[in-house]
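Commentary on secondary and tertiary structure
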Amino acid sequence: QVLLVESGGGLVQAGASLRLSCAASERTFSSNAMGWFRQAPGKEREFVASINWTGTRTYVADFVEGRFTISRDNAKNAAYLQMNNLKPEDTAVYFCATARWSLITSNREDFTSWGQGTQVTVSS
């Protein structure tokens, strides 16, 4: 069981930036792909970004490409989501998760461990 804890969310105005962090409790974190998802009230949880186990490949959803960047630091058992030029439609609870394997995936069912989420609210 991998325990994940997100942090870095908050209330900001449109155009601002936030950096989300995800801390993992297990050493095996570094051998698995990592992903970020988000969920707004009344909506399905949707894929935001993922990164392979070595940090050499990344994949981001079309609606955040050019604004969000995913990264990881395996030495610290941590992953990050840098969010720039935030928009009101980015408002959601953001979750980090670890995948079953080391390769990039965007399928929610491939992620087996989830954090508690951190709230991001963007005002216009």
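What you see as residue numbers is a count from 1 along each chain, following the sequence as written. Owing to the predicted nature of the model, reporting of local features is limited to residues with pLDDT of at least 70; listing and counting of side-chain atom pairs is limited to 80 or more, with chain, interface and lining totals taken over all residues. In computing side-chain properties, one takes all heavy atoms of the structure into account and sets aside hydrogens as well as water.

Overview of unusual backbone geometry
Located in the positive-phi region is Asn77, a residue other than glycine, with phi close to 50°. For Asn77, the location among the structural elements is in the loop between β7 (68-73) and β8 (78-83). A positive phi angle, close to 50°, is found at Asn85, a residue other than glycine. Helix and strand definitions follow DSSP, with helices as H or I runs of at least four residues and strands as E runs of at least two, each counted in order from the N terminus. Relative to the assigned elements, Asn85 resides in the loop between β8 and β9 (92-99).

Remarks on the sheet that holds β7
Two strands pair under a simple rule: DSSP has to find at least two bridges between them. Taken in spatial order, the four strands line up as β1-β3-β8-β7 in an open sheet, and their pairing is antiparallel. Each edge of the open sheet carries a strand with a single partner, namely β1 (4-7) and β7. Put simply, the sheet's adjacent strands are angled 15° from each other on average, direction ignored. Where β1 lies against strand β3 (residues 18-24), four bridges are found, and the strand directions are antiparallel. Its bridge partner lying in β3, Leu4 is registered against Ala24. Here the axes come from fitting lines to C-alpha atoms, over the contacting stretch only for helices, and the angles between their N-to-C directions go from 0 to 180 degrees.

Section: the pairing of strand β4 (residues 34-39)
Any residue under 20% of the maximum accessible area for its type is buried, any over 50% is exposed, and the rest in between are partly exposed; the area is computed with a 1.4 Å probe on protein chains only. Counting buried positions along β4 yields five of six residues, so the element is predominantly enclosed. Strand direction decides the pairing type here: β4 and strand β5 (residues 46-51), joined by five bridges, are antiparallel. Bridge pairing in β5 links Arg38 to Glu46. Hairpin remark: β4 followed by β5, antiparallel, with six residues in the connecting loop; positive phi at Gly42, about 80°.

Re the pattern of salt bridges
By salt bridge we mean one thing: a side-chain nitrogen of Lys or Arg within 4 Å of a carboxyl oxygen of Asp or Glu. Inspection of every chain in the model, using the stated rule, returns four salt bridges. Among the ionic pairs, Glu46 bridges to Arg38, the shortest N-O distance being 2.8 Å. Under the relative-accessibility criterion, Glu46 is labelled partly exposed at 32%. Relative accessible area serves as the criterion here: at 5%, Arg38 is assigned to the buried category. The partner of Asp90 in a salt bridge is Arg67, with the nearest N and O atoms 2.8 Å apart. Taken together, the residues span a long stretch of sequence, with Asp90 in the loop between β8 and β9 and Arg67 in the loop between β6 (58-60) and β7 at a distance of 23 residues. In this structure Arg67 comes out as buried when scored by relative accessible area, which is 9%.

Considerations on the nonpolar core
If you look at the biggest cluster of nonpolar residues, it comprises 33 residues, and the most contacted ones within it are Trp36, Val48, Phe68, Leu81, Met83 and Tyr94. Contributing elements (two or more residues each) for this core: β3, β4, β5, β7, β8, β9 and β11 (118-123). In contact with Met83, other than residues within four places in its own chain, are Ala16, Ser17, Leu18, Leu20, Arg67, Phe68, Tyr94 and Val120. Among buried residues, those of type Ala, Val, Leu, Ile, Met, Phe, Trp, Tyr and Cys that are joined through side-chain atoms within 4.5 Å constitute a nonpolar core. The criterion used for residue contact is that any of the two residues' heavy atoms lie within 4.5 Å.

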